[in-house]
Amino acid sequence: MTDRATSPRTAPRVLLVDPYVAREDPMERKFVELYPSLGLLTLGAYLRSHGLDVAMVDLTFARDARPVTTDLRRSRPEVVGVHTKTLTHDRAFEVAARAKAEGAFAVAGGPDAATRPMHYLDGGFDAVVPGEGEGALVDLARRVSRGEDAAGVPGTVVRRGGRLVRGPARPFLRDLDALPLPAWDLVDMEQYLGSWQRSTGERRAAVLTSRGCPFDCSWCSKPTFGRTFRQQSPERVVAELRALQERYRVDYVRFCDDVFGVSRAWIDRLLTLLEEEGLQLKWECLARVDLLKPDLLKRMRAAGLERVYVGVESGSQKMLDLMNRGTRLAQVERTADALRREGVRQFWFLMLGYPGETLEDIEATLRLFRRFSPEEYSVSIAVPVPGTRFYASVKDRLTGRSRRPRRNGGRSLLYEAAYPEVLYRWEQARFGLEAALGKARARISPRVVERIGHVADRFHEKVATPLLVGKRPPARAAP
Ligand code: B12
Ligand code: SF4
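Residues numbered from 1 in each chain as written. Chains lettered and ligands numbered in written order. Predicted model: local features only at pLDDT ≥ 70, side-chain atom pairs only at ≥ 80, totals over all residues.

**Thoughts on the overall build of the protein chain**
Test applied: Only runs of H or I of at least four residues qualify as helices and only runs of E of at least two qualify as strands under DSSP, and these elements are numbered from the N terminus. In this scheme every C-beta is placed from the backbone, and a residue whose C-beta has 20 or more other C-beta atoms within 10 Å is buried, one with 12 or fewer is exposed, and one in between is partly exposed. Contact between residues is assigned whenever the C-beta positions, reconstructed from backbone atoms, fall within 7 Å.
Along the protein chain, the regular secondary structure elements total 17 helices and 15 strands. Across the 479 residues that make up the protein chain, the buried fraction comes to 40%. Intrachain contacts of the protein chain at a sequence separation of at least 6 include 73% that bridge at least 24 residues.

**What to know about the confidence of the model for the protein chain**
Operational definition: Residue-level confidence of the predictor is what pLDDT reports, using numbers from 0 through 100.
Put simply, the protein chain has an average pLDDT of 92, and 93% of its residues get 70 or more. In this model residues 1–8 is a low-confidence stretch, pLDDT under 50, and it forms 17 contacts with partners more than four residues away in sequence or in other chains.

**Some points on the site of ligand 1**
For the record, the criterion: Nearness rests on one distance test: the residue's C-beta atom, set from the backbone, must lie within 6 Å of the molecule or strand. Three categories are distinguished: nonpolar for Ala, Val, Leu, Ile, Met, Phe, Trp, Tyr, Cys and Pro, charged for Asp, Glu, Lys and Arg, and polar for the others, with Gly belonging to the last. Residue ranges for the domains originate in an automatic or database domain assignment.
Around ligand 1, the surrounding shell holds 37 residues, and the nearest of these are Gly39, Gly81, Gly109, Gly133 and Cys256. The leading source of residues in the shell around ligand 1 is helix 1 (residues 38–49), at five residues. Residue composition of the shell around ligand 1, by class: 19 nonpolar, 12 polar and six charged. When residues are assigned to domains, the shell around ligand 1 turns out to be shared by domain 1 (13–166) and domain 2 (190–287), each giving three or more.

**Overview of helix 9 (residues 264–277)**
Cut-off, in case you're wondering: Helix span, as expected, comes to 1.5 Å for every residue beyond the first. In this description, the arc belongs to the directions extending from the helix axis to the C-beta atoms.
Between its first and last C-alpha, helix 9 extends 20 Å over 14 residues, near the 20 Å set by a 1.5 Å rise per residue. Burial in helix 9 covers these residues: Ile267, Leu270 and Leu274. All buried residues of helix 9 project into a common sector of 55° when viewed along the axis, lining one side. Facing away from the buried side of helix 9 by more than 90 degrees, the exposed set consists of Arg264, Ala265 and Glu276. On its buried face, helix 9 sits against helix 8 (234–248) and helix 10 (294–302).

**Digging into the site of ligand 2**
Cys213, Phe215, Asp216, Cys217, Cys220, Asp258, Val259, Arg288 and Gly311 make up every residue found near ligand 2. Among the residues making up the shell around ligand 2, the classes are represented as five nonpolar, one polar and three charged.

**With respect to the pairing of strand 7 (residues 163–166)**
Defined as follows: Note: two strands are recorded as paired if DSSP finds a minimum of 2 bridges between them.
Here strand 6 (residues 157–160) pairs with strand 7 via four bridges, running antiparallel. When the sheet's bridge partners are listed, Val158 is paired in strand 7 with Val165. Here strand 6 hands over to strand 7 after two residues, with Gly161 in that stretch at a positive phi of 55°.

**Let's talk about the sheet that holds strand 7**
Spelled out, the test is: Axis angles are defined between N-to-C directions and span 0 to 180 degrees, where every axis is a line fitted to C-alpha atoms and, for a helix, only to the segment in contact.
If you walk across this open sheet you meet the seven strands as 2-1-3-4-5-6-7, and the pairing is mixed. Two strands in the sheet have a free side with no partner beyond their single neighbour: strand 2 (53–58) and strand 7. When strand polarity is set aside, the average angle formed by the axes of neighbouring strands in this sheet is 25°. Helix 3 (residues 89–101) contacts strand 1 (13–18), strand 3 (79–83) and strand 4 (105–109) of the sheet and is inclined by roughly 175° relative to strand 3.

**Structural notes on the domain arrangement of the protein chain**
One can read the domain layout of the protein chain as domain 1 (13–166) and domain 2 (190–287). For domain 1 versus domain 2, the separation of C-alpha centres amounts to 25 Å. Taken together, the contact between domain 1 and domain 2 spans 10 residues of the former and 11 residues of the latter. For the side of domain 1 that touches domain 2, the element with the most residues is helix 4 (residues 111–115), which contributes three residues.

**What about the packing of helix 16 (residues 421–440) against helix 17 (residues 446–469)?**
Two measures define how a pair of helices packs: the angle their axes make with one another and the distance between the axes. Threshold: With respect to orientation, any angle under 35 degrees is reported as roughly parallel, any angle over 145 as roughly antiparallel, any angle of 65 to 115 as roughly perpendicular, and every other angle as oblique.
Put simply, helix 16 and helix 17 touch, their axes get as near as 11 Å, and they point 180° apart. One way to sum up the angle between helix 16 and helix 17 is to call them roughly antiparallel. Touching Val422, Leu423, Trp426, Arg430, Leu433, Leu437 and Ala440 of helix 16 are Val449, Ile452, Gly453, Ala456, His460, Ala464, Leu468 and Val469, all from helix 17. In terms of residue class, the contact of helix 16 with helix 17 is made up of 12 nonpolar, two polar and one charged.

**Topic: the packing of helix 1 against helix 6 (residues 134–145)**
This is how the line gets drawn: For any helix crossing, the convention is left-handed if the near helix is rotated counterclockwise from the far helix by under a right angle, and right-handed if that rotation is clockwise.
Across the interface, helix 1 lies against helix 6 with an axial gap of 9 Å and an inter-helix angle of 50°. Judged by the inter-axis angle, helix 1 sits oblique to helix 6. Classified by chirality, the crossing of helix 6 by helix 1 is right-handed. Contacts between helix 1 and helix 6 involve Leu43, Tyr46 and Leu47 on the former and, on the latter, Glu134, Leu137 and Val138.

**Considering the environment of Leu121**
When you line up the elements, Leu121 lands in helix 5 (residues 117–122). Residue classification places Leu121 among the buried positions, given that 21 C-beta atoms sit within 10 Å. When neighbours within four sequence positions are excluded, Leu121 is seen to be in contact with Val128, Val158 and Arg159.

**Describing the sheet that holds strand 11 (residues 252–255)**
Hydrogen bonds along the backbone pair up the strands of a sheet, which may run parallel or antiparallel. Strands sit in the order 8-11-12-13-14-15 across an open sheet of six strands; the sheet is parallel. Two strands in the sheet have a free side with no partner beyond their single neighbour: strand 8 (204–207) and strand 15 (376–381). In this sheet, adjacent strand axes meet at a mean angle of 15° when their direction is disregarded. Bridge count for strand 12 (residues 282–287) against strand 13 (residues 305–313) is five bridges, and the pairing is parallel. Along strand 13, the bridge assignment pairs Leu286 with Tyr309. Across the sheet, helix 16 lies against strand 14 (345–352) and strand 15, angled at about 175° from strand 15, the strand it touches most.

**Some details on the nonpolar core**
Stated precisely, the cut-off is as follows: For this analysis, nonpolar core means a set of buried Ala, Val, Leu, Ile, Met, Phe, Trp, Tyr and Cys residues linked through C-beta atoms within 7 Å.
Within the largest apolar cluster, 62 residues are counted, with the highest numbers of intra-cluster contacts made by Val253, Trp283, Leu350, Leu352, Tyr354 and Ala382. With five residues, the single largest contributor to this core is helix 13 (residues 359–372). Other than its neighbours up to four places away in sequence, Ala382 contacts Trp219, Met351, Leu352, Gly353, Tyr354 and Phe390. Core analysis: the second largest hydrophobic core is formed by 54 residues, Val17, Ala183, Trp184 and Leu186 among them.

Okay, here's the thing in structure tokens:
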């Protein structure tokens, strides 16, 4: 919780809320890395730059949502803006109820509300901003604070008499450089940085250099920015890095873009600037194997790159094509080799259970994994997210659990796939064993490791597969 900006009391008063409570998240210890919401920090900065009075309640380190009511009573905002993810759905609704109880106007934005606005309006929110939030929230807050009807604001959705009333479409911001720096002072940065420092020795912060993604993977949900893509200039990015370093002594940055370095000219310029400015930052990013050419990786490493997240997804070209990934296995191999050579940690995302996948495809993925033995990985069971082509192709085969996908964290099967869920769980365990064997190679005799691997493979083939596969026919492939 932070103090309000010192804008005049006549300005519309907005309270932004991040309802994510880390201690409630079963995945938090294992996978989730804590950074304040860049969406909300950017919204906050933008609202301020337009003269609005902004505060924020960030529940990340809180026990529950009570701090929202405390702040509501203290600062009496006219509008409460809540960031939504499927994971924080229940808390978001609780925040809306607390806001309404104090007479505030509740508005939801972010990926979950964007996917199902009517659900959020039914659940107590007065309005939803399903896309880019900056302009829409400024206009909405001004209207609400003047006591005018909120219906019809471009880029917003409200409910009138059981009907969804959409305002006109709002064009995306054209120039991301024009956005002010994120309003880091709205959250307790020291709490985030201190917790990173204790666990890694580094003061880590998140930075976003672009919005959207021009690629079109069949299972990917892009509720806010769709298939659009805009990026800041490398000069603007460096200004933000410098500010983080000067104000917060940040020494490690996570670039949070959907895909980092989509344009080769852009990343070449950024790397040149990083060299010239001598910022001495370590950093990590998420990138695609088709973009990470070996010569580029060499430059990235020299400029401080420590870790790369790569969506490898499958070791079967057939599956990559079905997923519309637009990547080739040869590119995966080339990139994994180059990352190893350069000494960059690699984190692989792998997916099991996508329509069309056979046991042979899973075996191919495991072979690829065994061959390159990435330092980190996550292997999830494909989650059909509403709004994706994958979802459309399986929507008549969803299971009851699909209503709460995040609770299952990519470990449960949410549609009737080719094989029973237990088979996929077993395959996940095989990746776990493989990773452990990969690490053991450095410590115990390679022959012992090979032997254990061989016994596990035989068990899989002779005992587990016949037992777990069942008799269900393979499902059809997604379009
Ligand atoms: C970077 C990122 C992360 C970073 C977070 C960095 C940070 N704190 O900002 C890390 C790696 C930590 C992370 C973690 C998780 N993430 Co994440 N993440 C992303 C990613 C790639 C970018 C988010 C981002 O910063 N976008 C840029 C900002 C500017 O956009 P924005 O946040 O959407 O905000 C804009 C609008 O949505 C809107 N808006 C947002 N909030 C509000 C509120 C109001 C009131 C209004 C009016 C408007 C508004 O205005 C903003 C500015 O225009 C997105 C994919 C994506 N492209 O959205 C996934 C995504 C948001 N993450 C997702 C998930 C599932 C998670 C995890 C749950 C995964 C996990 N391992 O458990 C955790 C949850 C952690 C948490 N604290 O909530 C999903 C959410 C899906 C859903 N329906 O809920 C997404 C959409 C990815 C996907 N396609 O599946 N994530
Ligand atoms: S998975 Fe990544 S590359 Fe594919 S469409 Fe989504 S954000 Fe883009």
